[in-house]
Amino acid sequence: MKRPIELSDISRYRGELMGLAMLFVMLFHVWMPRSNPMYGLVRCGNVGVDMFLLLSGVGLWFSWTKNPSPRHFFKRRLMRLYPAWLVMASLFYIPNYLNTPGGGYSPDVANLVANILVGWSFWRVDDLTFWFVPAIMALYLIAPAYMKLIIRHPAYRWMPALAMVLAVMVQYYPPVHHAVGHLEIFFSRIPIFLIGINLGSWVKQKRTLEGQAVWLVLAAFVMSLMMCVEFEESWRGRFPLFIERMVYIPLTVSIVLLLDLLLGKTPAFVRRKLAFVGTISLELYLIHIQFVLKYVTPYKLGYCLTALVMIAVSLVLAWLLHKVVDKVVR
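A few points on the structure. Quantities reported herein were computed from a predicted structural model and do not represent experimental measurements.

1. Concerning the overall build of the protein
Here is step 1: Each helix and strand in the protein was counted, giving 17 helices and 2 strands.
Here is step 2: A compact globule built from 330 residues should have a C-alpha radius of gyration of about 20 Å, and the protein, at 20 Å, falls within 12% of that.
Here is step 3: C-alpha atoms of the protein, sized along the principal axes, occupy 60 × 50 × 45 Å.
Here is step 4: Buried residues in the protein amount to 49% of all 330 residues.
Here is step 5: Long-range contacts, defined as pairs at least 24 residues apart, comprise 76% of the intrachain contacts of the protein with a sequence gap of at least 6.
Here is step 6: Summing over all exposed atoms, the protein offers an accessible surface of approximately 16,600 Å²; the carbon and sulfur share of this is 69%.

Laid out in structure tokens, this is it:
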């Protein structure tokens, strides 16, 4: 391949990539029997979370370097994330508190309020209902400090390597494991988020990789995908999950780079549809499991039909939520 790989395509197709990441996650959440030949591959759709974190990191770098004001930074994040979160968190946690013996995830009113405000039960008892939102809130809090640090001292761009060691400590170092071991799903995703921020500077500078690097990217994709499929098909439940999430790191980076090449040759109308999905990805995440898939699954329609119905209904509801929230915020 003679044409260089343009890292600026990550920004150019960021909306489309987020749309694909959200679709991967939605397909991952639909139940499939282990006997299905596609089981391992579908289970790898969980990498959509890591794609979203990588792309979020890239976007944060653009935002921060354009206006390095903590007040402006947090206001933008708050206005995009919080209104939709408050609506959907209230719709889930209030009925859960009223209809579940013992209050469900909210044993008292104080916990109920904390769940609605910041998803407190994720940090308290590893409640995975909407885990990504409180997790990304926490990552947003550390992002400005990290970006200031690497601008002043570029050597600290190696922090993702320490974050990987931290993920190992969360699993195996007793003091850390006892304190936050139940939050493995969060700590094992910190490295890819920091890598996204690091990558953001290269994307903004419009750096390129020589065309021959595509073979390295393909090797990273094939090797990491093979390992993740093997984990899911043969080793699920027999190894600490953070190990697979470490393999997700090269898988995520290689998928994003390869998808950029494909999106450059994709018809414009398809890219517009994917970008639309990316625009409402937050709302889709909040809606698709608890408010759609939960009610479609009992009909036992099979994997493909269940996925299609869930995606179609979720798109409509997410678009409505997005429009209403956007109108109120404006």
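2. With respect to helix α8 (residues 132–152)
Here is step 1: Between its first and last C-alpha atoms α8 spans 30 Å; for 21 residues at 1.5 Å apiece the expected length is 30 Å, and the two agree.
Here is step 2: A maximum bend of about 35 degrees is found in α8 at Ile142, where proline Pro144 lies one to four positions downstream.

3. A word on the layout of surface pockets
Here is step 1: Space inside the largest pocket adds up to approximately 840 Å³.
Here is step 2: What lines the largest pocket is a set of 31 residues, among which Arg14, Met18, Phe52, Arg80 and Tyr140 lie closest to the centre.
Here is step 3: A per-class count over the lining of the largest pocket returns 16 nonpolar, 10 polar and 5 charged.
Here is step 4: Forming the boundary of the second largest pocket are 21 residues, of which Ile195, Leu199, Trp202, Val253 and Leu257 lie nearest the centre.
Here is step 5: Elements represented by at least two residues in the lining of the second largest pocket include exactly α12 (190–204), α13 (213–235) and α14 (241–263).
Here is step 6: Considering each element in turn, the lining of the second largest pocket owes the most residues, 6 residues, to α14.
Here is step 7: Considering only residue class, the lining of the second largest pocket consists of 15 nonpolar, 4 polar and 2 charged.

4. Notes on unusual backbone geometry
Here is step 1: Notably, Lys206 is not glycine yet its phi reads approximately 60 degrees, a positive angle.
Here is step 2: Mapped onto the secondary structure, Lys206 falls in the loop between α12 and β2 (208–209).
Here is step 3: At Lys300, a residue that is not glycine, the phi angle is positive and equals roughly 50 degrees.
Here is step 4: Turning to its location among the elements, Lys300 is positioned in the loop between α16 (281–296) and α17 (303–329).
Here is step 5: On the accessibility criterion, Lys300 (74% relative accessible area) is exposed.

5. Looking at the packing of α13 against α14
Here is step 1: Running from N to C, α13 and α14 cross one another at 135 degrees; their axes reach a closest spacing of 8 Å. As summarised for this structure, α13 and α14 are arranged oblique, according to the angle between their axes. With respect to the hand of their crossing, α13 and α14 are arranged in left-handed fashion. Between α13 and α14, the contacting residues are Val214, Val217, Leu218, Ala220, Phe221, Ser224, Leu225, Met227, Cys228, Phe231 and Glu232 on the first element and Ile243, Glu244, Val247, Tyr248, Pro250, Leu251, Ser254, Ile255, Leu257, Leu258 and Leu261 on the second.
Here is step 2: Here the contact of α13 with α14 is built from residues that sort into 18 nonpolar, 2 polar and 2 charged.

6. Some thoughts on the nonpolar core
Here is step 1: Within the largest apolar cluster, 106 residues are counted, with the highest numbers of intra-cluster contacts made by Ile10, Phe193 and Leu286.
Here is step 2: The greatest single-element share of this core, amounting to 13 residues, is contributed by α14.
Here is step 3: Dropping the residues within four chain positions of it, Leu286 is found in contact with Ala84, Trp85, Met88, Phe130, Val133 and Phe291.

7. As for the side chain of Ser56
Here is step 1: Assignment of secondary structure puts Ser56 in helix α4 (residues 47–66).
Here is step 2: For Ser56, the residues in contact, after removing those within four places along its chain, are Arg14 and Met18.

8. Quick word on the pattern of salt bridges
Here is step 1: The tally for this structure, following the rule as stated, stands at 8 salt bridges.
Here is step 2: Arg189 is the partner of Asp50 in a salt bridge, and the nearest nitrogen-oxygen pair spans 3.2 Å. Residue Asp50 is found in helix α4, and its partner Arg189 is found in the loop between α11 (184–187) and α12; the two are separated by 139 residues along the sequence.
Here is step 3: Arg330 is the salt-bridge partner of Asp326, the closest N and O atoms lying 2.9 Å from each other.
Here is step 4: Judged by its relative accessible area of 29%, Asp326 falls in the partly exposed class.
Here is step 5: Connected via shared salt-bridge partners are Arg43, Glu232, Arg236 and Glu244.

How each quantity is defined
Residues numbered from 1 in each chain as written. Predicted model: local features only at pLDDT ≥ 70, side-chain atom pairs only at ≥ 80, totals over all residues. Heavy atoms only, no water. Helix = DSSP H or I, 4+ residues; strand = E, 2+ residues; numbered from the N terminus. Rg over C-alpha atoms; globule rule 2.2 N^0.38 Å. Buried < 20%, exposed > 50% of the residue type's maximum accessible area, 1.4 Å probe, protein only. Contact = heavy atoms within 4.5 Å. Areas by Shrake-Rupley, 256 points an atom, 1.4 Å probe, with all protein chains shown as cover. Expected span 1.5 Å × (residues − 1). Bend = angle between axes of the 7 residues up to and from the residue. 1 Å grid on protein atoms, 1.4 Å probe; cavity = no way out; pocket = protein on both sides within 12 Å on 5 of 7 lines; lining within 4 Å. Points joined across faces, edges and corners; volume = space filled by probe spheres on them. Nonpolar A, V, L, I, M, F, W, Y, C, P; charged D, E, K, R; others polar. Axes fitted to C-alpha atoms, helices over the stretch in contact; angles between N-to-C directions. Parallel < 35°, antiparallel > 145°, perpendicular 65-115°, else oblique. Left-handed = near helix turned anticlockwise from the far one by under 90°. Core = buried A, V, L, I, M, F, W, Y, C linked by side-chain atoms within 4.5 Å. Salt bridge = Lys/Arg side-chain N within 4 Å of Asp/Glu carboxyl O.

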